Amino acid sequence: MLLAPSSTTVRRLDAAEAVASAPALAELLIDCVQGGASVSFMWPLSHDKALAFWRTVAEGVARKERVLLVAQDPHGSIVGTVQLVTAMPDNQPHRADVAKMLVHRQARRLGLARRLMAAVDDAARAAGKTVRVLDTVTGGDAERLYRRAGWQQVGMVPNYALMPDGAFCGTTFFHKQL
């Protein structure tokens, strides 16, 4: 799967597309967790568990509680995704969380993550969200990506989560103002 950055598209999925794409998104999630991504799941990750997660995400899209963005190759295969969680408490109507930024291992280093993050910025603007927050593994590749995209580090928590193999990892929190 060698892709030219210009050969991929990044787009927002509606609720029906999110449901239909759940199996492909499950495969993407499994690939990332198998590759060591600390994104709330442990290895081995069953297809049923990954599929259940994406069905829950699709329900959130249907309720307009989140925006689901995907990067697709020229054949329509999903090679990346990110979410903007817009459902916030009453005192935080201006805030959103960025979640589950995933790029298939064979599609990395092509600028897809950067494009997905730019699309999340656009979605946040469209939703009137002026403050966004996210967290990532301390010292990981994503941390550098977020810094380059203008995100500001807030702090780090040692031993915050587990890697898919069970090892502890620190988490770094970021924010970005629009």
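In this report, the structure presented in the accompanying data block is examined. Please read all numbers here as calculations on a predicted model, not as lab measurements.

Reading the values: the criteria
Residues numbered from 1 in each chain as written. Predicted model: local features only at pLDDT ≥ 70, side-chain atom pairs only at ≥ 80, totals over all residues. Heavy atoms only, no water. Phe/Tyr/Trp six-rings, centres within 6.5 Å; stacked < 30°, edge-to-face > 60°. Helix = DSSP H or I, 4+ residues; strand = E, 2+ residues; numbered from the N terminus. Buried < 20%, exposed > 50% of the residue type's maximum accessible area, 1.4 Å probe, protein only. Pairing = 2+ DSSP bridges. Right-handed = clockwise from strand over helix to strand, strands pointing away.

**Section: the packing of aromatic side chains**
- For the structure shown, the criterion picks out five aromatic pairs.
- Ring centres of Tyr160 and Phe173 lie 5.4 Å apart, and the angle between their planes is 85 degrees; this geometry places the pair in the edge-to-face category. A residue pair is termed long-range when its members are at least 10 positions apart, and Tyr160 in strand β6 (residues 152–162) and Phe173 in strand β7 (residues 168–177) qualify at 13 residues.
- The partly exposed category is assigned to Phe173, whose relative accessible area is 26%.
- Here a set of aromatic residues connected by ring pairs shows up, and it is made of Phe41, Phe53 and Trp54.

**What to know about the pairing of β7**
- Examined bridge by bridge, strand β5 (residues 131–137) and β7 share seven bridges and lie antiparallel to one another. Note on β7: the bridge partner recorded for Thr136 is Thr172.
- Bridge count for β6 against β7 is seven bridges, and the pairing is antiparallel. Residue pairing in the sheet places Ala161 in a bridge with Cys169 of β7.
- Connecting the antiparallel pair β6 and β7 is a turn made up of five residues, with Gly166 showing a positive phi of about 100 degrees.

**Overview of the pairing of β5**
- With five of seven residues buried, β5 lies mostly within the body of the structure.
- Relative to β5, strand β4 (residues 95–103) is paired through three bridges, and the arrangement is parallel. Each bridged residue has a counterpart across the sheet, and for Ala96 the counterpart in β5 is Arg132.
- For the crossover that starts at β4, traverses helix α3 (residues 112–126) and ends in the parallel β5, the hand is right-handed.

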